[in-house]
Amino acid sequence: AQSVTQPDIHITVSEGASLELRCNYSYGATPYLFWYVQSPGQGLQLLLKYFSGDTLVQGIKGFEAEFKRSQSSFNLRKPSVHWSDAAEYFCAVGAWGSGNTGKLIFGQGTTLQVKP
Amino acid sequence: DARVTQTPRHKVTEMGQEVTMRCQPILGHNTVFWYRQTMMQGLELLAYFRNRAPLDDSGMPKDRFSAEMPDATLATLKIQPSEPRDSAVYFCASGLGSNEQFFGPGTRLTVL
């Protein structure tokens, strides 16, 4: 069965420091992978996605993520965090192929706190 | 700028009352999802539709929840009767084929 694990429930980094949020997935075929961000009181906004091709994908707001098939991971990174990046981050996996229903499986989320 | 809209944004009601939440998906999207988000359970998928047909509503309590798509521009989620444990933020999302989903701003429901 498909599943997504975000091992870190809560992360605190200083403004200007680098950031890496971990995501591990379980899926038998080629996955679609996504990172979403949710600011307080808002809906989820897509940061970036991986479907195929280059395993390093660039997203909005200076974020990037790297797909590593051997590790079943899709970690999110940012070289220098800004205070406005404080939010909750969700990793998600979707199906590929004829069984594709458009359904996503979301991880439990990682809350990012940014210290001044 | 195409986006998913949801109404109402906030709803406070008393236990036992009927609640209807509405969602307008992005024009042209053929898949619509309803999620519920709480602190305890996180983001839960309640139901989803493709081309207005329900594909899966196994995440929804059947005795009190119902989801419909009267037409391609409107999806509804109804709770009757509502209970305090239904208090949550309900999100609608729409998509087109490739799994990417666009989320609405949510309806914050409080049942007293």
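Since this is a predicted model, take the numbers as computed values, not measurements. Counting restarts for each chain: residues are numbered from 1 in the order of the written sequence. The order in which chains are written sets their letters, starting at A; the order in which ligands are written sets their numbers, starting at 1. The predicted origin of the model limits local features to residues at a pLDDT of at least 70 and limits the giving and counting of side-chain atom pairs to 80 or more, whereas totals for whole chains, interfaces and linings rest on all residues. Note that water and hydrogens are dropped before the side-chain values are worked out from all heavy atoms of the structure.

This part takes up the environment of Phe-90 of chain A. All names here are of chain A. Helix and strand assignments follow DSSP, with helices taken as H or I runs no shorter than four residues and strands as E runs no shorter than two, numbered in order from the N terminus. Residue placement: Phe-90 occurs in strand β10 (residues 87-94). Using a 1.4 Å probe on the protein chains alone, a residue whose accessible area is under 20% of its type maximum counts as buried, one over 50% counts as exposed, and one in between counts as partly exposed. Taking the relative accessible area as the measure of exposure, Phe-90 reaches 1% and is therefore buried. Placed 84 residues apart in sequence, Phe-90 and Gln-6 show a C-alpha to C-alpha distance of 8.1 Å.

Now for the interface of chain B and chain A. By the convention used here, residues are in contact when the closest approach between their heavy atoms is within 4.5 Å. With 21 residues of chain B at the contact, the number on the chain A side is 21 residues. Accessible area, probed at 1.4 Å, shrinks when two parts are joined; the buried area is that loss added up over both. When chain B packs against chain A, close to 1600 Å² is buried across both sides, 50% of that on carbon and sulfur atoms. Salt bridges are counted wherever a side-chain nitrogen of Lys or Arg sits within 4 Å of a carboxyl oxygen of Asp or Glu. Along the contact surface separating chain B from chain A lie 2 salt bridges. Polar contact is the term for a pair of N or O atoms within 3.5 Å; when the atoms are in protein, one must be able to donate a hydrogen and the other to accept it, and sequence-neighboring residues count only if both atoms are side-chain atoms. Here chain B and chain A share 3 residue pairs in polar contact (both at pLDDT 80 or more) between them. Those elements that provide at least two residues to the side of chain B that touches chain A are β4 (31-38), β5 (42-50), β6 (53-56) and β10 (101-103) of chain B.

Where two aromatic rings form a pair, the distance of their centres and the angle of their planes describe that pair. We call Phe, Tyr and Trp rings a pair once their centres come within 6.5 Å, taking the six-membered ring for Trp, and we label the pair stacked below 30 degrees between planes, edge-to-face above 60, and tilted otherwise. Tallying each qualifying case throughout the model produces 16 aromatic pairs over all chains. Between Phe-90 of chain A and Phe-106 of chain A, the ring centres sit 6.4 Å apart and the planes meet at 85 degrees, which makes this aromatic pair edge-to-face. Remark: Phe-106 of chain A occurs in strand β11 (residues 104-106) and Phe-90 of chain A occurs in strand β10; sequence separation between them is 16 residues. Phe-106 of chain A gets classed as buried once you look at its relative accessible area, which sits at 12%. Members of the aromatic cluster, each reached through a chain of ring pairs, are Tyr-32, Phe-34, Tyr-36, Phe-51, Phe-90 and Phe-106 of chain A together with Phe-33, Tyr-35, Tyr-48, Phe-91 and Phe-103 of chain B.

Our next topic: the pairing of strand β8 (residues 64-68) of chain A. Residues and elements named next belong to chain A. Covered by surrounding structure in β8 are Ala-65 and Phe-67 only, the residues Glu-64, Glu-66 and Lys-68 on the alternate face being uncovered. Hairpin connection between strand β7 (residues 56-58) and β8: a loop of 5 residues separates the two successive antiparallel strands, and Lys-61 in this loop has a positive phi of roughly 60 degrees. The pairing criterion for strands is at least two bridges between them, as found by DSSP. Between the end of β8 and the start of strand β9 (residues 73-78), which pair antiparallel, lie 4 residues, with Ser-72 showing a positive phi angle near 50 degrees.

Don't take any of this as a statement about function, it's just geometry.
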